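So you can see what is in the structure, the chains are spelled out below.
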Amino acid sequence: MKPQKLKLSDYLLGFGFVLLMVGIATVLNDVEIILPEIAALTTGLWIYHEPGWLNQPAKIFWLPSITAIVGFGINRLPLSYAVKISLLLLIMIVLLCLFRSTLAPSFATGLLPIIVNATKLSFIIAILGFTLTLMLVVSLRKLHLQHPYHATINYCVMLVFLIIALLWVLVVSLLGRPQMAAIPPVLVVFFEILQKPMYPGKMAIKQMVALTGAATIGFVAYSLLDSRLLVTLIALPLVWALLYLLQVRIPAAYAFPLLAIILPHQMFQSLPLVTLLATSYFLGAAYLYQQYIKPRLISR
């Protein structure tokens, strides 16, 4: 099977859609309209045509919307930051199992309102509007028919993801750094890796470099430019160039420039370092699971 050739028109369409989102947020002066995972979803659906994401187009709309609403509600509860993140992760795993879906970006849309402390109704309206648009374009272009895929739910993988993620939340909380508990693009990549049949060490290193590099691009761009729209315009092509040089396709990496421009100041200042630590932990754990734990479970 030949590798898929990516079209310039697909890149331009996706790039324009993300710029439109940031542009609307700029005009309305409402940062809660900027949804980083929309950049990842746009890339994965419209450009890379990820089979696992295209499966059952309706879920592109309602599953991220449900998780965003759940995260929005959890954020309003009188709980600590770490408990909110842990509760959301647990609910997310239950939802994915119930709806038999492996749409990893749903984690990010659920975590986002907790991370940025979203409180406005515009956040919900934005997630509904943008995910609906993504779904409609997929349906109109019949992308789900061109790349048929049937999601299979591996409950063992779901449990492994939850245990490793909750352990990370516990450790960073004990260290007094609860803001490190969730970096959505990293969790999305980690979840996807666990679903794969194998995970070579070379790929793990490439993905660590790609994700940390994308976070650094967003951090540096927003540190130098006091314009969210300009940062998006410059940083997204730089992320593309980085992934091209590394010869990897990581839709979640495109979320980092947008994440950088909406994070609270304290989280923004440590974004590259936290991303490096988180990718080392999660991708390292994924490698160990794929190389040593998974073969033993299969052999039983």
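Above this text sits the structure in question.
Computed from a predicted structure; not experimentally measured.

> Explain the layout of surface pockets to me, and be specific about the residues and the numbers.
Within this model, the second largest pocket holds a volume of roughly 250 Å³. Around the second largest pocket sit 14 residues that line it, and Tyr11, Phe15, Leu236, Trp240 and Tyr254 are the ones nearest its centre. Mapped onto the lining of the second largest pocket, the elements with two or more residues apiece are α1 (8–28), α2 (36–47) and α12 (228–246). At six residues, α1 tops the list of elements feeding residues into the lining of the second largest pocket. Of the residues that constitute the lining of the second largest pocket, the class distribution is eleven nonpolar, three polar and no charged.

> Which residues make up the environment of Pro64, and what are the values?
Relative to the elements of secondary structure, Pro64 occurs in helix α4 (residues 58–75). For the pair Pro64 and Ile38, spaced 26 residues apart in the sequence, the C-alpha separation amounts to 9.9 Å.

> Outline the nonpolar core, listing residues and values.
Leu89 and Phe161 are the most contacted members of the largest nonpolar core, which has 111 residues in total. With ten residues, the single largest contributor to this core is helix α9 (residues 155–174). Not counting residues within four places of it along the chain, the set of residues in contact with Phe161 comprises Leu89, Ile93, Phe107, Leu187, Phe190, Phe191 and Leu194.

> Quick rundown of the packing of helix α6 (residues 105–115) against helix α10 (residues 184–195)? Include the residues and the values.
Relative to each other, α6 and α10 sit at 155°, their axes nearing to 9 Å. Considering their axes alone, α6 and α10 lie roughly antiparallel with respect to each other. In the packing of α6 onto α10, the handedness of the crossing is right-handed. For the pair α6 and α10, contact is made by Pro105, Phe107, Ala108, Leu111 and Ile115 and by Pro184, Leu187, Val188 and Phe191, respectively.

> Give me the lowdown on the side chain of Thr232, citing residues and values where you can.
Checked against the element boundaries, Thr232 lands in helix α12. The exposure class assigned to Thr232 is buried, which follows from its relative accessible area of 0%. One polar contact links the side chain of Thr232 to the main-chain carbonyl oxygen of Arg228, over a distance of 2.8 Å. The residues contacting Thr232, other than those within four sequence positions of it, are Phe15, Val18, Leu19, Val22, Pro237, Leu258 and Ile261.

> So what about the pattern of salt bridges? Which residues, and what values?
Under the criterion given, the structure shown has two salt bridges. Among the ionic pairs, Asp10 bridges to Arg141, the shortest N-O distance being 2.9 Å. With a gap of 131 residues between them, Asp10 in helix α1 and Arg141 in helix α7 (residues 121–141) connect regions that are remote in the sequence. A residue is classified by how much of its surface remains accessible, and Asp10, at 5% relative accessible area, is buried. By relative accessible area, which is 28% here, Arg141 ends up partly exposed.

Calculation notes
- Residues numbered from 1 in each chain as written.
- Predicted model: local features only at pLDDT ≥ 70, side-chain atom pairs only at ≥ 80, totals over all residues.
- Heavy atoms only, no water.
- 1 Å grid on protein atoms, 1.4 Å probe; cavity = no way out; pocket = protein on both sides within 12 Å on 5 of 7 lines; lining within 4 Å.
- Points joined across faces, edges and corners; volume = space filled by probe spheres on them.
- Helix = DSSP H or I, 4+ residues; strand = E, 2+ residues; numbered from the N terminus.
- Nonpolar A, V, L, I, M, F, W, Y, C, P; charged D, E, K, R; others polar.
- Core = buried A, V, L, I, M, F, W, Y, C linked by side-chain atoms within 4.5 Å.
- Buried < 20%, exposed > 50% of the residue type's maximum accessible area, 1.4 Å probe, protein only.
- Contact = heavy atoms within 4.5 Å.
- Axes fitted to C-alpha atoms, helices over the stretch in contact; angles between N-to-C directions.
- Parallel < 35°, antiparallel > 145°, perpendicular 65-115°, else oblique.
- Left-handed = near helix turned anticlockwise from the far one by under 90°.
- Polar contact = N/O pair within 3.5 Å; in protein donor to acceptor, adjacent residues only side chain to side chain.
- Salt bridge = Lys/Arg side-chain N within 4 Å of Asp/Glu carboxyl O.

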